[in-house]
Amino acid sequence: MDWDKLRIFHAVADAGSLTHAGDKLNLSQSAVSRQIRGLEESLNATLFHRHARGLILTEQGELLFDATSAMNRRLDTASARIRDSEEEVFGDLRVTTTIGFGTLWLAPRMAKLYKLYPDLRVDLMLEERVLDLPMREADVAIRMKEPSQADLIRKKLMTVKMQLFATQPYLDENGVPERLEDLADHRLICQNANSAQVGAGSNLVQHLMTYDVRSLLTVNNYFGVLQAVLQDLGIGILPDYVSLDDPRLIQVLPEIESADVPVFLAYPEELRQSKRIAAFRDFVQEEIVAYRKVLRAKENS
């Protein structure tokens, strides 16, 4: 099969449109159409069903698209390895982690990373869905549990707990709860127990909800919980690390906390020699060391 025709087929299948694929490839729609027709003739197969709203892959088209997608991933990996043979750290790095950890811990520290490596281009993908690293949906991940795939390099970074926080103005107006039963007189701010989050956080929410809190605000990520707490709306369930970065947060009922949540950094075995991965890994580890020093100092004060 002709490599050019396969490249054009992949673009059309990905876009679902001759026009959009042509725009991406800088080719006319008629040129793209000719290439697809030529590929179909060489294979003696129909690759697309055509209708008014665009193109849909046939069963044969799906098989070929799976193959071209795998080829693209292999080419991306080869390209990354070639780039990583250079002495300097530069180029694209796709990092995935949860919305909470990404917005509350990682993003505020990214300025330090860019100061070290100004030519790095980081694509920060924040979502609760676990992206497939071996399939190259991302280059490196920070996850709130140990990865299960065997072909990943993984390193435990730290342990997180979910705790209760409020601001001084809120506590001045509503009082400081001294026991769990006192939560009935306060507004609790948390993620819905059924929303995508670590199991330890969900379990703590479910436990606290048994105390018939007076008022409730649920948000679908920890960044929203934090913003609500900082607006003096109530007592929020948040990861313990947020209190080190924001002195406005005051822990309440310190004996109430979730089970430990392990935080792991992981990346594919095939990227073991990647200088970009190494640079990001070392940066995160150094930030974790600094975080632990501040935490110990706080605990000893």
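This text goes with the structure placed above it.
These lines cover the structure that appears in this document, whether it is placed above or below. Remember, it's a predicted structure, so these values are computed and weren't measured experimentally.

Section: the overall build of the chain
Along the backbone of the chain there are 11 helices and 12 strands. What you see for the chain is a C-alpha radius of gyration of 25 Å, clearly larger than the 19 Å of a compact globule of 301 residues, by over 25%. Projected onto its principal axes, the C-alpha positions of the chain cover 75 × 50 × 35 Å. For the chain, the residues scored as buried account for 46% of the 301 residues in total. Within the chain, residue pairs in contact and separated by at least 24 positions form 76% of the contacts whose partners lie at least 6 positions apart. For the chain, the accessible surface area stands at approximately 16000 Å², while carbon and sulfur atoms represent 49% of it.

Structural notes on the environment of aspartate 14
You can see aspartate 14 is positioned in helix α1 (residues 3–15). C-alpha separation for the pair aspartate 14 and phenylalanine 65, spaced 51 residues apart in sequence, amounts to 8.5 Å. If sequence neighbours within four positions are ignored, aspartate 14 has contacts with Lys24 and Phe65.

So, the pairing of strand β8 (residues 187–190)
The side chains of a regular strand alternate, residue by residue, between the two faces of the sheet. Of the strand pairs in this sheet, β8 and strand β9 (residues 215–218) are connected by 4 bridges, and their pairing is parallel. Considered in β9, the bridge of leucine 188 is made with leucine 216. Handedness of the crossover is the feature at issue here: the chain leaves β8, passes through helix α8 (residues 199–209), returns alongside β9, and the resulting connection is right-handed. Sheet analysis places β8 next to strand β10 (residues 235–239), joined by 2 bridges and oriented parallel. Residue pairing across strands places leucine 188 opposite isoleucine 235, the latter belonging to β10.

Things to note about the nonpolar core
Membership of the largest hydrophobic core comes to 64 residues, with the highest contact counts inside it found for Ile142 and Phe280. With sequence-adjacent residues up to four places away left out, isoleucine 142 is seen in contact with Thr96, Thr97, Thr98, Phe101, Leu106, Leu157, Val263, Phe264, Leu265, Phe280 and Val284. In terms of nonpolar packing, the next biggest core, distinct from the first, is built from 18 residues, Leu18, Ala21, Ile36 and Leu55 among them.

Reading the values: the criteria
- Residues numbered from 1 in each chain as written.
- Predicted model: local features only at pLDDT ≥ 70, side-chain atom pairs only at ≥ 80, totals over all residues.
- Heavy atoms only, no water.
- Helix = DSSP H or I, 4+ residues; strand = E, 2+ residues; numbered from the N terminus.
- Rg over C-alpha atoms; globule rule 2.2 N^0.38 Å.
- Buried < 20%, exposed > 50% of the residue type's maximum accessible area, 1.4 Å probe, protein only.
- Contact = heavy atoms within 4.5 Å.
- Areas by Shrake-Rupley, 256 points an atom, 1.4 Å probe, with all protein chains shown as cover.
- Pairing = 2+ DSSP bridges.
- Right-handed = clockwise from strand over helix to strand, strands pointing away.
- Core = buried A, V, L, I, M, F, W, Y, C linked by side-chain atoms within 4.5 Å.

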